[in-house]
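One-letter residues, chain by chain:
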2 protein chains.
Amino acid sequence: MRMGEGVEWAVHCCLDLAWVGDRAVPAARLAAYYDLPAAYLNKQLQALARAGLLTSTPGPRGGFRLARTPERITLMDVVSAIEGPDHAFRCTEIRRRGPGANHADHSRCAVDQAMGVAELAWRRELAAQTVADVMATVQRTNPDVPDRVRRWFTT
Amino acid sequence: MRMGEGVEWAVHCCLDLAWVGDRAVPAARLAAYYDLPAAYLNKQLQALARAGLLTSTPGPRGGFRLARTPERITLMDVVSAIEGPDHAFRCTEIRRRGPGANHADHSRCAVDQAMGVAELAWRRELAAQTVADVMATVQRTNPDVPDRVRRWFTT
DNA sequence: GTTTTAGTACTCGGATAGGCCGTGTCCGAGTGCATCTGG
DNA sequence: CCAGATGCACTCGGACACGGCCTATCCGAGTACTAAAAC
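To start, this report covers the structure provided alongside it. Keep in mind the model is a prediction, meaning the values are calculated, not measured.

Taken together, 21 residues surround DNA strand D, and among them Y40 of chain A together with Q46, R50, S56 and F64 of chain B come closest. The contact atoms of DNA strand D, taken as those within 4 Å of the protein, divide so that sugar and phosphate hold 61%. Measuring from a phosphate oxygen of DNA strand D, one finds a side-chain N or O atom of Y40 of chain A at 2.9 Å. Between DNA strand D and the protein, one listed contact pairs a base nitrogen with a side-chain N or O atom of Q46 of chain B at 3.2 Å. Only α3 (38–50) of chain A together with α3 (38–50), β1 (54–57) and β2 (63–66) of chain B provide two or more residues apiece to the surface near DNA strand D. In terms of residues, the surface near DNA strand D owes the most to one element, α3 of chain B, which gives four residues. Among the residues making up the surface near DNA strand D, the classes are represented as nine nonpolar, eight polar and four charged.

Listed below in structure tokens is the structure:
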């Protein structure tokens, strides 16, 4: 049960893009800010763009920017865009295999159901928190961060 | 974000061991019931034994049995035993790297905090469901399963 | 001075290798049972 | 017939390969800007 680190990168980049505003920021610049491999970060941002969270513009003065306001981007959107839409627990229906299989039974696997309940709670909590919420948390503990970020990216 | 399939195997095996009762069941027999690789399933059951969920007895008439009653084994216990105690989202503190790093800031990463809230909800739901609960669900939809399992494993 | 045009530098985007963890397999240590042997 | 010893079959337990996905990288297509040149 391990989440790719691209999720962390993506959320931080969304925060920065929100603070910068409507100005496009290249992937290379975001990578430089966090000292990350530029090409790979670009890959993650592409995933966000495919999911409709970011808009990408090529050429000089191009880059990425938020496709919607931070209030309308949830952490669930980001996680789903990077990690894919699949559930963490994938029921392979082992109860249908081997001598104990009951092919007449078409009910849902109880184990899958129980795991699904837990995973649904996880997704619900992710969907309840928006990028704007995280921005507010950062600004509450570090009020100078937004301006620092904006200045660094706009120079 | 992908959970190892060993978790599914482990939960199903816990159900079967609970239905069988206090009789020890070898890993090979459990593997045969679901048509799974025996040695690998043994590995997973070893993990459950290390976590204190099962007791293992070697030699003839040996095997695995539940170390506690099904009411006192939660799905969180099983998942934690198989997948390990680590959190799915591991904050690597990229905000401390690169030119934007603020080394004077010792506050907690807001992204990690937000992800932690969601993951905590997931763990809470897993801890709220016991093996006995899943057993009850199965018996509700398929009342004949417990006896079928008991008979197959005790013959 | 204005317009056209060619060049150039910069950006994303997808196609291409490397490394680590989950998956699968194997053999050895230990235990309990059954059998055999001696009294 | 009974007690002890012996061999054996069975089980877990940890050590050893294989493959797929995450990580990382490179190069090409497309675009906007710049600058020069022609009118």
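So, on to the side chain of T74 of chain A. Residues and elements named next belong to chain A. Mapped onto the elements, T74 comes out in the loop between β2 (63–66) and α4 (75–83). Taking relative accessible area as the criterion, T74 reaches 14% and is therefore assigned buried. Each residue touching T74, except ones within four places of it in the same chain, is listed here: L126, A127, Q129 and T130.

Moving on to unusual backbone geometry. With the exception of glycine, most residues fall at negative phi, and the peptide bonds are largely trans. All names here are of chain B. Of note in the backbone geometry, D35 takes a positive phi value of approximately 60 degrees without being a glycine. Tracing the chain through its elements places D35 in the loop between α2 (27–34) and α3. D35 gets classed as exposed once you look at its relative accessible area, which sits at 53%. Even without a glycine there, the phi angle at E93 is positive, about 60 degrees. Note on placement: E93 falls in the loop between α4 (75–83) and α5 (110–128).

Before going further, it helps to spend a moment on empty space enclosed by the protein. Counting across every chain of the model gives four cavities of 30 Å³ or more. Lining the largest cavity are 25 residues, and of these R95 and D105 of chain A together with H12, V138 and V145 of chain B sit closest to its centre. Looking at the lining of the largest cavity, the elements that each hand over two or more residues are α5 (110–128) of chain A together with α1 (6–20), α2, α6 (131–141) and α7 (145–154) of chain B. Ranked by the residues each element gives to the lining of the largest cavity, the list is headed by α1 of chain B, at four residues.

It is worth spelling out the pattern of salt bridges at this point. As enumerated under the stated definition, the model contains 15 salt bridges over all chains in all. In this structure, D105 of chain A engages R95 of chain A in a salt bridge whose closest nitrogen and oxygen atoms are separated by 3.3 Å. Within this pair, whereas D105 of chain A is found in the loop between α4 and α5, its partner R95 of chain A is found in the loop between α4 and α5, the two being separated by ten residues in sequence. For D105 of chain A, a relative accessible area of 12% corresponds to the buried category. The class for R95 of chain A is buried, based on a relative accessible area of 17%. Note that D144 of chain B is salt-bridged to R148 of chain B, the shortest N-O span being 3.5 Å. Taking relative accessible area as the criterion, D144 of chain B reaches 37% and is therefore assigned partly exposed. One network of salt bridges, in which partners are shared, links E93, R95, R96 and D105 of chain B.

Definitions and limits used
Residues numbered from 1 in each chain as written. Chains lettered and ligands numbered in written order. Predicted model: local features only at pLDDT ≥ 70, side-chain atom pairs only at ≥ 80, totals over all residues. Heavy atoms only, no water. Near = heavy atom within 4 Å. Polar contact = N/O pair within 3.5 Å; in protein donor to acceptor, adjacent residues only side chain to side chain. Helix = DSSP H or I, 4+ residues; strand = E, 2+ residues; numbered from the N terminus. Nonpolar A, V, L, I, M, F, W, Y, C, P; charged D, E, K, R; others polar. Buried < 20%, exposed > 50% of the residue type's maximum accessible area, 1.4 Å probe, protein only. Contact = heavy atoms within 4.5 Å. 1 Å grid on protein atoms, 1.4 Å probe; cavity = no way out; pocket = protein on both sides within 12 Å on 5 of 7 lines; lining within 4 Å. Points joined across faces, edges and corners; volume = space filled by probe spheres on them. Salt bridge = Lys/Arg side-chain N within 4 Å of Asp/Glu carboxyl O.

Don't take any of this as a statement about function, it's just geometry.
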